[in-house]
Amino acid sequence: MEKVLDYLKQNQQRFLAEFCDYLRFASVSAQPAHKNDLHACAAWLVAHCQAIGLEAKLCATAGHPIVIAKTPRAKNSQQPHYMVYGHYDVQPPEPLELWKSPPFEPRIVGNTIYARGSMDNKGQHLAHLKAVEAYLKTGTALPCDLTFVIEGEEEIGSESLSGFLKKNRRELNCQAVVISDTGMPSPKHPALGYSLRGIMALEITLHGPARDLHSGGFGGAVDNPAMAMSQLLAQLRDQHGRITIPGFYDGVAPLTAYERKEYARLPGTDAGLKKMIGVKNLFGERGFSSSEQRSARPTFEINGLTSGYQGEGSKTIIPSWARAKITCRLVPNQKPEAVRKAVVAHLKRICPPTMRLEIAAGHGAEAYFVPPTGPQAQAALRALEKAFGRKPILMREGGSIPIVNQFKKILGADSLLLGLGLPDDNAHSPNEKFSLECFEKGQRMAAFLWQELSR
Ligand code: BES
Ligand code: ZN
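Keep in mind it's a predicted model, so treat the numbers as computed, not measured.

Peer 1: Which residues make up the nonpolar core, and what values go with them?
Peer 2: If you look at the biggest cluster of nonpolar residues, it comprises 71 residues, and the most contacted ones within it are Leu418, Phe439 and Trp450. For this core, the leading source of residues is helix H15 (residues 436–453), giving 10 residues. For Leu418, the residues in contact, after removing those within four places along its chain, are Gln124, Val178, Ile179, Ser180, Thr182, Ala191, Leu192, Ala380, Leu384, Met445 and Leu449.

Structure follows, in structure tokens:
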């Protein structure tokens with residue numbers, strides 16, 4: 001291990017330059033205009049994997065390509081096999097004017113790197129690649145075989161990957177999937193995640209008049225789609241933060257006393273949270289702490305709300321339509337399609353007769369929950385402790401990684417969530433960043449992990 005750790009230490013400057021090259025690709029999966037950038041980014045990644053000694057290829061899909069990279073292995077290798085999963089696609093960078101430097105021109109300030117995708121997720125899986133590079137370049141034998149699966153559609157629901165898993169089930173069969181795409185409360189509190197929330201996405205459009213109307217000429221006699229949308233959405237949550245859609249909470253598992261005690265031990269305060277995100281007050285479902293609300297309870301969120309004139313100055317119209325982009329976060333025992341049905345049925349029930357309701361279904365994924373008690377989780381905890389020098393904590397994550405349940409269903413493999421992000425890394429926000437301390441310790445953690453898992 002000395003040689004591996006030394007190699008990592010000696011090469012941080014070069015790693016950083018390579019990290020910057022990777023971040024310069026505007027691999028925004030949600031925006032069709034960036035299709036070529038995703039392809040170029042994947043091609044760069046394949047070349048990079050090859051340069052560090054992996055056998056890598058680019059696999060075309062109906063959507064964005066998947067990168068597969070394997071450690072060289074014996075023909076009939078008896079070694080355990082693990083998958084490392086990550087994604088090279090990123091969230092849209094808008095609003096651009098809020099970035100202190102352009103999102104795809106990485107900027108290093110002190111021990112932090114700023115760029116879209118730095119934490120979510122390029123930096124996190126690059127840390128794993130660098131750990132493997134250290135093994136391969138120092139001639140240190142890996143105690144297991146590894147396959148990296150780095151996809152380009154995680155941020156839009158991982159649609160192509162599940163077909164790919166089914167097709168390549170034999171080749172991808174593995175003991176466990178290692179994923180660094182979540183977070184930890186601070187470098188003093190490294191964490192092993194054991195749950196993710198699921199998700200259900202949809203878009204609601206209310207259609208009113210056939211075209212925008214003069215609001216003086218027609219206002220008063222015609223319903224306004226923006227107002228109708230506001231009233232429709234406002235009915236979906238009560239003043240105690242509970243979602244009012246019948247059936248929405250069906251099956252939701254209550255938190256056990258044990259879990260609530262664990263939650264109470266998490267570091268951080270509500271005051272700190274308020275300050276970090278810049279709100280006057282927090283708001284959430286009554287009866288639950290903010291950490292419980294953020295990872296163990298389902299939500300209904302408006303991600304985008306559009307209607308009428310958005311340009312400068314005033315324009316006196318009654319807009320022809322209004323649209324809301326919605327995602328619900330789901331918890332164990334909730335089925336995305338059942339929640340979708342409940343939401344759609346309720347919207348149909350309460351839609352005013354003045355509007356035509358159109359609902360477009362989006363992606364969906366179940367929550368993930370695996371108790372962190374097995375030997376793999378113990379190995380992961382040891383690797384975290386060795387790299388970060390602190391006892392790791394166990395936590396449930398609020399975000400979603402849609403493919404993890406497919407790993408379980410198709411490959412029979414659990415996922416180890418070894419997040420390297422920090423709560424203030426601005427994932428999905430302007431000025432996304434990644435701590436270089438987490439990058440470096442993440443590489444060490446990844447290096448220790450293969451030893452610990454194979455012990
Ligand atoms: N890295 C996140 C997942 C995440 C974030 C887990 C924070 C835990 C805490 C991932 O890239 C992500 O953002 N996933 C999307 C999936 C969705 C678009 C289907 C998400 O959670 O919104
Ligand atoms: Zn993300």
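Peer 1: Give me the sheet that holds strand E13 (residues 321–330): which residues, what numbers.
Peer 2: Spatial ordering of the open sheet is given by E11-E13-E9-E14, a layout of 4 strands whose pairing is antiparallel. In the strand order of this sheet, the two ends are held by strand E11 (299–307) and strand E14 (356–365), each with one partner. Taking each pair of neighbouring strands and ignoring which way they run, the sheet shows an average axis angle of 15°. Pairing between strand E9 (residues 198–207) and E13: 10 bridges, direction antiparallel. Bridge pairing links Leu202 to Ile326 in E13. Where helix H8 (residues 225–234) meets the sheet, it contacts E9, E11 and E13, and its direction lies at approximately 20° from that of E13.

Peer 1: Give me the sheet that holds strand E18 (residues 433–435): which residues, what numbers.
Peer 2: Spatially, E4-E5-E18 is the arrangement adopted by the 3 strands of the open sheet, whose pairing is antiparallel. Each end of this open sheet is capped by a strand with a single partner; those strands are strand E4 (107–109) and E18. Each neighbouring strand pair of the sheet contributes to a mean axis angle of 25°, computed without reference to strand direction. Sheet topology places strand E5 (residues 112–114) next to E18; 3 bridges connect them, and they run antiparallel. Bridging from a neighbouring strand, Thr112 pairs with Ser435 of E18. Lying on the sheet, helix H4 (residues 118–137) is in contact with E5 and E18; it crosses E18 at an angle near 40°. Its contacts with the sheet place H15 against E4, E5 and E18, and it is angled at close to 55° to E18.

Peer 1: Break down the side chain of Glu259 for me, citing the residues and quoting the values.
Peer 2: Within the element layout of this structure, Glu259 appears in helix H9 (residues 257–264). Look at Glu259 and you get buried, because its relative accessible area is 9%.

Peer 1: I'd love a proper account of the pairing of E13, names of residues and values included.
Peer 2: Both E11 and E13 contribute to a ladder of 8 bridges, which runs antiparallel. Bridging from a neighbouring strand, Leu305 pairs with Ala324 of E13.

Peer 1: Run through the site of ligand 1, naming residues and quoting values.
Peer 2: Taken together, the neighbourhood of ligand 1 is formed by 15 residues, with Asp120, Asp181, Arg329, Ser400 and His428 sitting nearest. Residue Glu154 places a side-chain N or O atom 2.8 Å away from an oxygen atom belonging to ligand 1. Burial of ligand 1 by the protein chains amounts to 86% of its free accessible area of 520 Å². The residue inventory of the shell around ligand 1, partitioned by class, reads 3 nonpolar, 6 polar and 6 charged.

Peer 1: Which residues make up the pairing of strand E2 (residues 66–70), and what values do they have?
Peer 2: In terms of residue burial, E2 counts as a mostly covered element, since 5 of its 5 residues are buried. The side-chain alternation of E2 yields two buried faces, one formed by Ile66, Ile68 and Lys70 and the other by Val67 and Ala69. Sheet topology places strand E1 (residues 55–59) next to E2; 5 bridges connect them, and they run antiparallel. Bridge pairing in E2 places Lys57 opposite Ile68. What sits between the antiparallel neighbours E1 and E2 is a turn of 6 residues. By the bridge criterion, 4 bridges tie E2 to strand E6 (residues 145–151) in an arrangement that is antiparallel. Among the inter-strand pairings, Val67 is bridged to a residue of E6, identified as Ile150.

What counts and how
- Residues numbered from 1 in each chain as written.
- Chains lettered and ligands numbered in written order.
- Predicted model: local features only at pLDDT ≥ 70, side-chain atom pairs only at ≥ 80, totals over all residues.
- Heavy atoms only, no water.
- Core = buried A, V, L, I, M, F, W, Y, C linked by side-chain atoms within 4.5 Å.
- Buried < 20%, exposed > 50% of the residue type's maximum accessible area, 1.4 Å probe, protein only.
- Helix = DSSP H or I, 4+ residues; strand = E, 2+ residues; numbered from the N terminus.
- Contact = heavy atoms within 4.5 Å.
- Pairing = 2+ DSSP bridges.
- Axes fitted to C-alpha atoms, helices over the stretch in contact; angles between N-to-C directions.
- Near = heavy atom within 4 Å.
- Polar contact = N/O pair within 3.5 Å; in protein donor to acceptor, adjacent residues only side chain to side chain.
- Areas by Shrake-Rupley, 256 points an atom, 1.4 Å probe, with all protein chains shown as cover.
- Nonpolar A, V, L, I, M, F, W, Y, C, P; charged D, E, K, R; others polar.

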